[in-house]
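Letter by letter, the chains look like this.
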Amino acid sequence: MKLPPQEAQQFLDAYKPLLEYVYFENYGKYAESINEYKDAKDLLFENFNFLEKYLAINEDLSEKQKEIILSLKNSLTGTFIYIKTLKKYSLLLDPETNEIYCVLGLNDSLKELGLYNYSIIETTIIEYNKLVFCDGLISSKNISIGSSFRSDVNELYKSKKENKKLKKQITSRFTGPA
């Protein structure tokens, strides 16, 4: 339900300095609060030129760190519906595509973060090393989902599960500058 600790730490060791760089480039100071890191993430995913500039000025990054940073290009940022957590992963519905992704948490499972089933959240999911995981920066919307919609989501989940259409890889919808 969450990344192995070593992989989570490797991701954070590459991702956090990148977000700090993006925030500094835009605001002239380093990100300190969770909201500032979320702002930096939003800026990054609006324009991947930050990613390229960061790689160009940080030639001393390890190959692993470079791979992690480049994996961000194969990610999805936006609104998802947290359906529920199963034994091996959590289920996130992308309402734009009706794809259901099997997602791991970064340091905690999504359920351990206190999300309720059928919560509407804002986050980023990333695919790296054949694993799809949440970047850990999650904003929950205080919106109640009605029983009819929950029923529709359950039917969609059952259909995708039966037809083996649950996504364990990301189909990126990123269309901005690469």
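Conventions used here
- Residues numbered from 1 in each chain as written.
- Predicted model: local features only at pLDDT ≥ 70, side-chain atom pairs only at ≥ 80, totals over all residues.
- Heavy atoms only, no water.
- pLDDT = per-residue confidence, 0-100.
- Contact = heavy atoms within 4.5 Å.
- Phe/Tyr/Trp six-rings, centres within 6.5 Å; stacked < 30°, edge-to-face > 60°.
- Helix = DSSP H or I, 4+ residues; strand = E, 2+ residues; numbered from the N terminus.
- Buried < 20%, exposed > 50% of the residue type's maximum accessible area, 1.4 Å probe, protein only.
- Arc of directions from axis to C-beta.
- Polar contact = N/O pair within 3.5 Å; in protein donor to acceptor, adjacent residues only side chain to side chain.

Peer 1: It is not clear to me how the confidence of the model for the protein should be interpreted in this structure. Could you clarify?
Peer 2: For any part of a model where pLDDT is low, the fine detail of the predicted coordinates should not be relied upon. The predicted model of the protein averages 90 in pLDDT, with 96% of residues at 70 or higher. Every residue in residues 174–178 is under pLDDT 50, and counting partners more than four places away or in other chains gives nine contacts.

Peer 1: So what exactly am I meant to see when it comes to the packing of aromatic side chains here?
Peer 2: Aromatic ring pairs are reported here in terms of the distance separating the ring centres and the angle at which the planes meet. All told, the structure shown has six aromatic pairs when counted by the stated rule. On the numbers, 5.0 Å between centres and 80° between planes, the contact of Phe11 with Phe133 is edge-to-face. A residue pair is termed long-range when its members are at least 10 positions apart, and Phe11 in helix 1 (residues 5–27) and Phe133 in strand 5 (residues 131–134) qualify at 122 residues. Judged by relative accessible area, Phe133 falls into the buried class, the value being 2%. Arranged with centres 4.4 Å apart and planes meeting at 40°, the rings of Tyr23 and Tyr27 form a pair that is tilted. Residue Tyr23 and its partner Tyr27 are both found in helix 1; the two are separated by four residues, about one turn of the helix.

Peer 1: Please explain helix 3 (residues 49–57) as it appears in this structure.
Peer 2: Given 3.6 residues to a turn, an α-helix orients residues that are three or four positions apart in the same direction. Listing the buried residues of helix 3 in full gives Phe50, Leu51, Tyr54 and Leu55. What you see down the axis of helix 3 is that its buried residues fit within an arc of 130°, all on one side. Of the surrounding elements, those touching the buried residues of helix 3 are helix 1, helix 2 (34–46) and helix 4 (63–71).

Peer 1: Any chance you could explain unusual backbone geometry here in plain terms?
Peer 2: Leaving glycine aside, a negative phi is the common case for residues, and trans is the common case for peptide bonds. Located in the positive-phi region is Tyr118, a residue other than glycine, with phi close to 70°. Given a relative accessible area of 14%, Tyr118 falls into the buried group. A positive phi angle, close to 55°, is found at Lys164, a residue other than glycine. Along the polypeptide, Lys164 turns up in the segment after helix 5 (147–162).

Peer 1: Help me understand the side chain of Ser75, please; the structure alone is not making it clear to me.
Peer 2: By secondary structure assignment, the location of Ser75 is in strand 1 (residues 75–85). Of note is the side chain of Ser75, whose polar atom sits 2.5 Å from the backbone oxygen of Leu72.

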